[in-house]
Amino acid sequence: MTERIFEHLGERAYEDTLPNGLRIKVVTKKGFARKYAFFATNYGSMDTKFTMDGKNYVSPDGVAHYLEHKMFDMPDGNALQKLSATGASPNAFTSYNLTAYFFSCTSGFWENFRTLLTFVSQGYFTQESVEKERGIIGQEIKMYEDSPASRVDENLFRAMYHHHPIRVPIAGTVESIQDITAEILTQCHRAFYDPSNMVLCVVGDVDPEKIRQEAMALLPKEPGGASQRDYGEKEPETPLTRHIEERMEVSMPMFSVGFKGPEIARGPQRLRQEIIGDLAGEVLCGESSQLYQKLYEKGLIDSGFGVSYSTVRELATLCLGGDSEDPKAVMEAVLEEARRIEKEGVDEGLFLRLKRSAVGRRIRGLDSFEGLCYRLALSDFDGYDYFAFPEIYERITTEDVRQLIAREIVPEQAVLSVILPKNREEA
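Residues numbered from 1 in each chain as written. Predicted model: local features only at pLDDT ≥ 70, side-chain atom pairs only at ≥ 80, totals over all residues. Heavy atoms only, no water.

Q: Before we move on, could you go through the nonpolar core and cite the residues and values that matter?
A: If you look at the biggest cluster of nonpolar residues, it comprises 72 residues, and the most contacted ones within it are Leu 320 and Val 401. Of the residues forming this core, the biggest block, eight residues, is contributed by helix H8 (residues 268-285). When residues no more than four places from it in sequence are discounted, the contact partners of Val 401 are Ile 276, Leu 279, Ala 280, Val 283, Val 346, Phe 351 and Ile 396. One finds Ala 79, Ile 177, Cys 188 and Ala 215 within the second-largest nonpolar core, a separate group that totals 52 residues. (Core = buried A, V, L, I, M, F, W, Y, C linked by side-chain atoms within 4.5 Å. Buried < 20%, exposed > 50% of the residue type's maximum accessible area, 1.4 Å probe, protein only. Helix = DSSP H or I, 4+ residues; strand = E, 2+ residues; numbered from the N terminus. Contact = heavy atoms within 4.5 Å.)

Q: Break down the sheet that holds strand E12 (residues 228-229) for me, with residues and values.
A: The antiparallel open sheet is built from three strands, whose spatial order is E6-E5-E12. Two strands in the sheet have a free side with no partner beyond their single neighbour: strand E6 (55-58) and E12. Bridge analysis of strand E5 (residues 49-52) against E12 gives two bridges, and the strand direction is antiparallel. Residue pairing across strands places Thr 51 opposite Gln 228, the latter belonging to E12. Contacts from helix H6 (residues 182-192) reach E5, E6 and E12, with the element oriented near 70° to E5. (Pairing = 2+ DSSP bridges. Axes fitted to C-alpha atoms, helices over the stretch in contact; angles between N-to-C directions.)

Q: Give a detailed account of the packing of aromatic side chains, specifying residues and quantitative values.
A: Within a pair of aromatic rings, the relevant descriptors are the distance that separates the centres and the angle that separates the planes. Considering all chains together, one arrives at 26 aromatic pairs under this definition. When the ring of Phe 6 is compared with that of Phe 387, the centres are 4.4 Å apart and the planes differ by 25°; the resulting orientation is stacked. On the criterion of sequence distance, the pair formed by Phe 6 in strand E1 (residues 2-6) and Phe 387 in the loop between helix H12 (369-382) and helix H13 (389-395) is long-range, its members being 381 residues apart. The exposure class assigned to Phe 6 is buried, which follows from its relative accessible area of 8%. Centroid distance Phe 38 to Phe 102: 5.8 Å. Interplanar angle 20°. Geometry classified as stacked. Note that Phe 38 is positioned in strand E4 (residues 35-41) and Phe 102 in strand E10 (residues 99-105), a separation of 64 residues in sequence. Residue Phe 38 is classed as buried on the basis of its relative accessible area, which comes to 1%. We classify Phe 102 as buried; its relative accessible area is 16%. Feature note: the residues Tyr 43, Phe 50, Tyr 57, Phe 72, Tyr 101, Phe 119, Phe 192 and Tyr 193 constitute an aromatic cluster, connected by ring pairs. Stacked on the ring of Trp 110, the Lys or Arg Lys 210 has its end atom at 4.5 Å from the ring centre. (Phe/Tyr/Trp six-rings, centres within 6.5 Å; stacked < 30°, edge-to-face > 60°. Lys NZ or Arg CZ within 6 Å of the ring centre and 35° of its normal.)

Q: Which residues make up the side chain of Asn 112, and what values go with them?
A: Residue position: Asn 112 is located in helix H3 (residues 109-122). Sequence-distant contacts of Asn 112, defined by excluding residues within four places in its chain, comprise Leu 83, Thr 86, Ala 88, Phe 103, Cys 105 and Ser 107.

Q: Describe in detail H12, supporting the description with residues and values.
A: For H12, built from 14 residues, the straight-helix expectation of 20 Å at 1.5 Å per residue is met to within 8% by its first-to-last C-alpha distance of 20 Å. Most of H12 is tucked away, with ten of its 14 residues classed as buried. Where H12 is buried, its residues meet strand E3 (23-28), E4, strand E11 (198-204), H8 and helix H11 (348-365). Backbone geometry just after H12 places Gly 383 at a positive phi near 85°. (Expected span 1.5 Å × (residues − 1).)

Q: Got a sec to walk through the state of the cysteines? Specific residues and values, please.
A: Summed over all chains, the structure comprises zero disulfides. Cysteine Cys 285 is unpaired, with the sulfur of Cys 319 as its nearest cysteine sulfur at 11 Å. Judged by relative accessible area, which is 1%, Cys 285 ranks as buried. (Disulfide = S-S within 2.5 Å.)

Q: Describe the environment of Ile 396, and please don't skip the residues or the numbers.
A: Relative to the helices and strands, Ile 396 is located in the loop between H13 and helix H14 (398-408). Under the relative-accessibility criterion, Ile 396 is labelled buried at 2%. Residues Ile 396 and His 243, spaced 153 residues apart in sequence, show a C-alpha to C-alpha distance of 33 Å. Residues in contact with Ile 396, not counting those within four places in the same chain, are Arg 272, Ile 275, Ile 276, Leu 279, Phe 351, Lys 355 and Val 401.

Set out below in structure tokens:
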């Protein structure tokens, strides 16, 4: 294991790549009783078209999420029950671009760790169990469909992207999951749960070398070969449509505004773009900005309003939203503020305060075992070193932020998604 010491962060990390291609990342926390293990695959809901062994596959929407549900099945029982029986707290999630399985515990770590590696790497699917799960997942999909918070964001992506699979909800649809079979789950597990497409992250007072030895003993010895994913033709730079709305049971309009950013290549520039985007959002309409105060005083937004910049694979989006009686007015105010910043530049004092605050939040985030493992896995899949964030912040200037705002926060890139109350004629 290669040791890395980050004195300025107070962290010590160990890394290695096994002969089977698995990347291992261990952050030691001496004296902590709690331990956390996170086993993730570079496979999410977007990965429905792929090539394996020279053959093209198209899986139904929702397979990655369905697979997550069924992965806990084992020939001799259920992994969730096994982990819980030893006092561990296990869980899993699927996003657009990855699937992760994890647990935390204060005792019995090595037994739990072996269980995690075993059920995730092997996969055990029967058509009977797949059929039994269909109704459960169908109810989960309906729950999301009835959630205004989920619908406003899903509609935003549906309006923003022309054909990219991020347009489809992570769990798929009630219709699409009807086509999922044990054979399809087996194919997708073989295609994407190969060690060479995965990363194993552990945080706690553990022996990094023993983590490596256990992984070597329990996982395949050689890589199975990478599958090539296909997202279709290149996305147009501008959104599919600039306005989308739906009526649901809400007391006041809920909205999300998204600005479609340029494609970002895999590598260190991905983290830099994310950091600049985060700062741009805060400068533009974060809680410390003048615009936030103006909108709040006018009653156009409330304390639930937020802004974020996200990157998913090659996609980048600045999103803001919350509840408002006049979502269009909020969007227009943000665009007007973007034009002002483009001309006048970013206030240096505000920028420095926001940058210090952002660095502090990320450093504090290193104490979150869950957050740290997620960041380490995501950075591995996206091709950058997450621990480089302090140096990146140091090099970012007000001009970097101004340029992003001038380039991306423009009417041509804007999409407004609104959930309207059923009993009102208009927002």
